[in-house]
Amino acid sequence: MQKTFVLDTNVLLHEPNAIHAFCDNMVIITEAVLEELDTFKKGNSEINVNARAVSRELDKLRTKGKLTDGVMMDNGGILRVERNHRDVKLPPSWDINKTDNRILQVCKALKNKGENVYLISKDILERIKADTLDIIAEDFESDKAPDLDEQYRGVRNVYMSNDSLNDFFSYDKLKLSDVKLINEFGEKISNISFIPNEFLILHCDSNINQTALARIDSRVEYIIGLNYINEHPYGVIPRNATQRFMQEALMLDVSIAPLVIIKGPAGTAKTFYSLAVGLEKTNQYKKNKEYRRILVCRPNVSMDEDLGYLPGTEKEKIAPLMRPIMDNLEILVDSNSNERYNNESELNDKIQELFDRKIIDTQAVGFLRGRSIVNQWLIIDEAQNLTPRAIKAIITRAGEGTKVILCGDPMQIDNPFLDSRSNGLSYASEMMKGSPLCFQITANNSDCVRSPLAMEGIKKLK
């Protein structure tokens, strides 16, 4: 039986091509959704761009016939614009002029006609209201990553014989086909599917205290040692295996590792390490300076609506968003924790010098659209608050010699229409898994180094 999918406005603003994601079924755009799209068509934010993209696509389909009668799409589905159904009764307390309720009226009307109706919305409360009307309601799933526990982590524990581990220590390289791998129970494993550039913690099966850090090469032929395990970028010393993996991925040349994805909870040094290595790589006093500058971008869920109305220049408008970056720079520009804050003015001058000399620049993510970013160290902080479409736009902005670092925690999302599966960071992690140009690291709660209190908060405050 053909299904009828009624799309909410937030689905189209999230993914303008959503109308083509439902195969040969019926796709309904309500009059209320068209009106709401019209309110978003002006502006330069992502949702404004997406609203215009939807409008263009509907206009293209309009050439095939009258949308209110339904037109055939290339995938065999039918798109139809449905007028209001004001005569359909809703609970008396519901405001029938509210867009969400007008969409639900259409759903109920189509169901009353015998259609197999599904409401597709990213609004949880609207899906709950649909349940009260016995209307099936679902989130838009086509660009969702797996559940968080099943997402690619970029790091794997591997157990091997004492002889194999000693060979690794001797040669710093092992051919995968020659290594006898076992699991933690001592059982031989012959069917491990390694991922290109996957990091490994090698364990000796007969001595739990004997371990080594390594990674899979891009062709999945060898286990190789880390090149930068003894480096201290910008004076920073890695505190655990996760930070050593971060350091390796970040320090590798852009020709080998142009994209690095770092996921994990707060306090695991994702942004801190990205800045530290970036400062090392853009050091003005080094002959082998690799990048022109560090460009740090952060999304903000309210940016699209109110950033343009804030007073001041572009830099002054985004300054509140960049305060966490400044906090990290305070630590990096003065490594003496005992005297760092004795002279706040001097500390601020050191940070300001980085900006005055164009070593670091900051921008809101929305301002990256249309740019080609060449030979820069590009950090996208809090990337979990971006949509998959926005992440794609950012990665495709990277020009020659630019290294892109995506940092964030998929469990801390402020965007009301994203979750741990639908956010851009998780999407990029899953879609780029296996790319020879991408390195990934996922930190654990135990990797928190911010403070004992932060660590305790991660463990206790669920």
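Residues numbered from 1 in each chain as written. Predicted model: local features only at pLDDT ≥ 70, side-chain atom pairs only at ≥ 80, totals over all residues. Heavy atoms only, no water.

## Observations regarding the sheet that holds strand 4 (residues 78–82)
Sheet strands line up and pair through hydrogen bonds in the backbone, either parallel or antiparallel.
Then, number 1: With respect to topology, six strands assemble into an open sheet ordered 3-4-2-1-5-6, the strand pairing being mixed. The open sheet terminates on both sides in strands that have one partner only, identified here as strand 3 (71–72) and strand 6 (136–138). (Pairing = 2+ DSSP bridges. Helix = DSSP H or I, 4+ residues; strand = E, 2+ residues; numbered from the N terminus.)

## Focus on the sheet that holds strand 18 (residues 403–408)
Then, number 1: Strand order in the open sheet formed by six strands is 16-15-17-18-14-19, and the pairing between neighbours is parallel. Strands with a single pairing partner mark the edges of an open sheet, and in this sheet they are strand 16 (360–364) and strand 19 (438–442). Strand-to-strand, the axes of this sheet are offset by a mean angle of 15°, without reference to chain direction.
Then, number 2: Sheet topology note: the strand 14 (residues 259–263)/strand 18 ladder contains five bridges and is parallel. In the strand pairing of strand 18, leucine 259 is matched with valine 404. (Axes fitted to C-alpha atoms, helices over the stretch in contact; angles between N-to-C directions.)

## A look at the pattern of salt bridges
Between side chains of opposite charge, pairing is possible as soon as their charged atoms come close.
Then, number 1: Under the definition given, this model contains 24 salt bridges.
Then, number 2: Between lysine 64 and aspartate 74 there is a salt bridge; the shortest N-O distance is 3.3 Å. Taken as a pair, lysine 64 in the loop between helix 3 (46–62) and strand 3 and aspartate 74 in the loop between strand 3 and strand 4 lie far apart in primary sequence, 10 residues in all.
Then, number 3: By relative accessible area, aspartate 74 is classed as exposed at 77%.
Then, number 4: Look at the salt bridges and you will find they share partners, linking Lys122, Arg127, Asp139, Lys144 and Asp419 into a network. (Salt bridge = Lys/Arg side-chain N within 4 Å of Asp/Glu carboxyl O. Buried < 20%, exposed > 50% of the residue type's maximum accessible area, 1.4 Å probe, protein only.)

## Notes on the layout of surface pockets
Then, number 1: Quantified by volume, the second largest pocket comes out at close to 890 Å³.
Then, number 2: As for the second largest pocket, its lining consists of 33 residues, and the residues nearest its centre are Ala269, Phe272, Asn328, Ile331 and Arg450.
Then, number 3: Where the lining of the second largest pocket is concerned, the elements lending two or more residues are helix 8 (270–281) and helix 11 (323–333).
Then, number 4: By residue number, the principal contributor to the lining of the second largest pocket is helix 11, which donates six residues.
Then, number 5: Counted by class, the lining of the second largest pocket contains 12 nonpolar, 11 polar and 10 charged residues. (1 Å grid on protein atoms, 1.4 Å probe; cavity = no way out; pocket = protein on both sides within 12 Å on 5 of 7 lines; lining within 4 Å. Points joined across faces, edges and corners; volume = space filled by probe spheres on them. Nonpolar A, V, L, I, M, F, W, Y, C, P; charged D, E, K, R; others polar.)

## Digging into a nonpolar patch on the surface
Then, number 1: Together, Ile124, Leu125 and Ile128 line one region of the surface with nonpolar side chains, adding up to about 310 Å² of accessible area.
Then, number 2: Along the chain, leucine 125 turns up in helix 5 (residues 124–132).
Then, number 3: Take leucine 125: its relative accessible area is 60%, and that puts it in the exposed class. (Patch = residues over 30% accessible without salt bridge, like charges linked within 9 Å, V, L, I, M, F, W, Y side chains within 5 Å. Areas by Shrake-Rupley, 256 points an atom, 1.4 Å probe, with all protein chains shown as cover.)

## Focus: the packing of helix 7 (residues 241–251) against helix 8
Then, number 1: Running from amino to carboxyl end, helix 7 crosses helix 8 at an angle of 40°, the nearest separation of the two axes being 10 Å. Between helix 7 and helix 8, the crossing angle belongs to the class labelled oblique. As for how helix 7 packs across helix 8, the hand of that crossing is right-handed. Every residue of helix 8 that contacts helix 7 at Gln243, Met246, Gln247, Leu250 and Met251 is listed here: Lys270, Tyr273, Ser274, Val277 and Lys281. (Parallel < 35°, antiparallel > 145°, perpendicular 65-115°, else oblique. Left-handed = near helix turned anticlockwise from the far one by under 90°. Contact = heavy atoms within 4.5 Å.)

## Details of the pairing of strand 1 (residues 3–7)
Then, number 1: Burial analysis of strand 1 places four of its five residues in the buried class, the great majority of the element.
Then, number 2: The pairing of strand 1 with strand 2 (residues 26–30) spans three bridges and is classified as parallel. In the sheet register, threonine 4 faces strand 2, and the bridge partner there is methionine 26.
Then, number 3: Following the backbone out of strand 1, through helix 1 (residues 9–14) and into the adjacent parallel strand 2, one traces a crossover that is right-handed. (Right-handed = clockwise from strand over helix to strand, strands pointing away.)

## Quick notes on the pairing of strand 16
Then, number 1: The element strand 16 is largely enclosed, with a buried count of four among its five residues.
Then, number 2: When strand 15 (residues 293–298) meets strand 16, the two strands line up parallel, connected through five bridges. Bridge pairing in strand 16 places arginine 298 opposite alanine 364.

## With respect to the packing of aromatic side chains
Then, number 1: This model, assessed by the stated rule, comprises seven aromatic pairs.
Then, number 2: Each ring, one from phenylalanine 199 and one from phenylalanine 439, has its centre 6.1 Å from the other, and the planes form 50°; the classification is tilted. Of the two residues, phenylalanine 199 is situated in strand 11 (residues 199–204) and phenylalanine 439 in strand 19; the sequence distance between them amounts to 240 residues.
Then, number 3: Judged by its relative accessible area of 0%, phenylalanine 439 is buried.
Then, number 4: Clustering of aromatic rings is evident, with ring pairs tying together Phe5, Phe22, Tyr118 and Phe140.
Then, number 5: The lysine or arginine in question, lysine 129, covers the ring of tryptophan 94, its NZ or CZ lying 4.7 Å from the ring centre.
Then, number 6: Cation over ring: lysine 173 sits above tyrosine 222, and NZ or CZ is 4.3 Å from the ring centre. (Phe/Tyr/Trp six-rings, centres within 6.5 Å; stacked < 30°, edge-to-face > 60°. Lys NZ or Arg CZ within 6 Å of the ring centre and 35° of its normal.)

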